[in-house]
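Coordinate analysis (summary)
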Amino acid sequence: MSWAIEHQGYSQRRACGLVGIDPRVYRYRSTRPDDAKLRKRLKKLSSERRRFGYRRLHLLLKREGVEVNWKKLYRLYREERLTVRKRGGRKRALGTRAPMAVPQDPNQRWSLDFVSDTLVDGRRFRILCVIDDFSRECLAMVVDNSISGERVARELDAIAERRGYPLMVVSDNGTELTSNAMLKWQQDRGVEWHYIAPGKPMQNGFVEGFNGRLRDECLNEHLFRSYHHARDIIAGWRIDYNLHRPHTSLDGLTPNEFATRSVMDHNVNRANL
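Time to look at the pairing of strand 5 (residues 192-195). Where strand 4 (residues 168-171) lies against strand 5, four bridges are found, and the strand directions are parallel. Bridged to M168 within strand 5 is E192. Regarding the hand of the β-α-β motif, the stretch spanning strand 4, helix 8 (residues 180-189) and strand 5 is right-handed.

Here we take up the nonpolar core. Of all hydrophobic cores here, the largest spans 34 residues; its most connected members are L42, L112, L128, V130, V152, L156 and W193. The contact partners of W193, leaving out residues within four places of it in the chain, are R49, L112, L156, V169, S171, L177, M182, W185 and Q186. The next biggest cluster of nonpolar side chains, apart from the first, holds 20 residues, and it includes V115, V143, V207 and A230.

With that settled, consider the pattern of salt bridges. Pairing of side chains with opposite charge becomes possible as their charged atoms draw close. For the coordinates displayed, the defined rule picks out 18 salt bridges. E64 is paired through a salt bridge with R41; the nearest N and O atoms lie 2.4 Å apart. Residue E64 is located in the loop between helix 5 (54-63) and helix 6 (70-79), and its partner R41 is located in helix 4 (residues 36-48); the two are separated by 23 residues in the primary sequence. The exposure class of E64 is partly exposed, given its relative accessible area of 41%. Residue class for R41 comes out partly exposed when judged on its relative accessible area of 25%. For the salt bridge of E80 with K43, the shortest nitrogen-to-oxygen distance reads 3.7 Å. Here E80 is found in the loop between helix 6 and strand 1 (109-118), whereas its partner K43 is found in helix 4, with 37 residues between them in sequence. Using a relative accessible area of 22% as the deciding quantity, one classes E80 as partly exposed. Because the salt bridges share partners, they merge into one network encompassing R39, K43, R75, E79 and E80.

The next point concerns the environment of P23. The residue P23 is located in helix 3 (residues 23-27) in this model. Given the relative accessible area of 16%, P23 is considered buried. Ignoring any residue separated from it by four or fewer positions in sequence, one finds P23 in contact with Q12, R13 and C16.

A few words on the sheet that holds strand 3 (residues 138-144). Taken in spatial order, the five strands line up as 3-2-1-4-5 in an open sheet, and their pairing is mixed. Either end of the sheet is taken by a strand with one partner, and the two such strands are strand 3 and strand 5. Adjacent strand axes in the sheet meet at a mean angle of 20°, parallel and antiparallel pairs treated alike. In this sheet, strand 3 lies alongside strand 2 (residues 124-132) in antiparallel orientation, the contact comprising six bridges. Its bridge partner lying in strand 3, I127 is registered against V143. Most of the contacts of helix 9 (residues 205-217) go to strand 1, to which it runs at about 30°, and overall it touches strand 1, strand 2 and strand 3. Sheet strands in contact with helix 10 (residues 227-243) are strand 2 and strand 3, and its direction is about 170° off that of strand 3.

Going through the model one piece at a time under the given rule, you end up with 11 aromatic pairs. When the centroid spacing of 6.0 Å and the interplanar angle of 90° are considered together, the rings of W185 and W193 count as edge-to-face. Residues W185 and W193 agree in their burial class; the two are buried. The structure contains a cluster of three or more aromatic residues connected by ring pairs, namely Y54, W70, Y74 and Y77. Between R123 and the ring centre of Y227, over which it is positioned, the NZ or CZ distance is 5.0 Å. One cation-aromatic arrangement involves R126 over F114; the distance from NZ or CZ to the ring centre is 4.1 Å.

Turning to a nonpolar patch on the surface, a few remarks are in order. Taken together, the side chains of L18, V19, I21 and V25 define a hydrophobic patch exposed on the protein surface, amounting to about 370 Å² of accessible area. Summarising the element assignment, V19 is placed in helix 2 (residues 12-19).

Analysis parameters
Residues numbered from 1 in each chain as written. Predicted model: local features only at pLDDT ≥ 70, side-chain atom pairs only at ≥ 80, totals over all residues. Heavy atoms only, no water. Pairing = 2+ DSSP bridges. Helix = DSSP H or I, 4+ residues; strand = E, 2+ residues; numbered from the N terminus. Right-handed = clockwise from strand over helix to strand, strands pointing away. Core = buried A, V, L, I, M, F, W, Y, C linked by side-chain atoms within 4.5 Å. Buried < 20%, exposed > 50% of the residue type's maximum accessible area, 1.4 Å probe, protein only. Contact = heavy atoms within 4.5 Å. Salt bridge = Lys/Arg side-chain N within 4 Å of Asp/Glu carboxyl O. Axes fitted to C-alpha atoms, helices over the stretch in contact; angles between N-to-C directions. Phe/Tyr/Trp six-rings, centres within 6.5 Å; stacked < 30°, edge-to-face > 60°. Lys NZ or Arg CZ within 6 Å of the ring centre and 35° of its normal. Patch = residues over 30% accessible without salt bridge, like charges linked within 9 Å, V, L, I, M, F, W, Y side chains within 5 Å. Areas by Shrake-Rupley, 256 points an atom, 1.4 Å probe, with all protein chains shown as cover.

What follows is the structure in C-alpha cells.
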C-alpha cells in the first residue's frame, strides 16, 4: 500500500480502499516500549532452562527484580518461538554445565536425589536422599509412596531448622524438583539451586555414590513388608551410615567423625588468628 501511495500517486484513502482496510489502521503507530533487553534476557534464561515454560521463566525473571505482566511475557515468549517442545524417543544429554568446586565446609552444598524400591506385595515407594557434599553426611531419608515438590520443600526446611540453610543445592531435573513449589522455595530462602545436565548423573556424583551404597547395603538386603517397616529399616541404616560406617574418601572416618573434626579444626584456626 505504501508503494501505491509513493510511486503511483494514489491517495491514502484510495489505497486503503483497494486493500480493504480503514485509513486509521494504516496510520496507527505502536506505542509499545522497546522490549529488546527483556527479550534478550528471556532467550538467555530459556537457553539455560530448556524445559522451563513461560510460567517458570516468569518466576525466574521476578526473582531477578524484573516486573513484567505474565500476559506480555507470554506474548514475547511466543514471538521468540521459545515454546518447549515435547520430547520423543530416548533421553539425550543436551548441553553441558560448568564443573562445580568441591565444598570446603559443611552446609556449603547439599545434593539430593530419589531412589525407588518395592514392598513384598509389589507396591512401590520412593526415598528422598539429602547429602551434605562436604562431610558426606546423610541429612535425611524420607520414605513414602509419593513425594511431591511441596513435601520436598517441607523436608528441606526441617533439615535447615537443625543446621541452617545451605548455600547451594544440587539435583537433577525431576518434575518434583523443578516444580513451582521448589522454585518458590529457592526464591524465598535465597538458596542457589544447580540443576545438572539431563542424562549426566555423574554431575551429581556425591548423592549418586550414596544411592549405590544404599541399594547395595540396605535395599537389596531386606524384604520390606510395609511402608512402616521400610522406614524403620532405612532409618536404622542411615544412623549406622553416619555414625559407624567408615568412608574411604574421608580417610576411614565416618561422616559424623569427619564433620566433628572439621568443626574442631575450624575453631582452632579461628582461635589462632
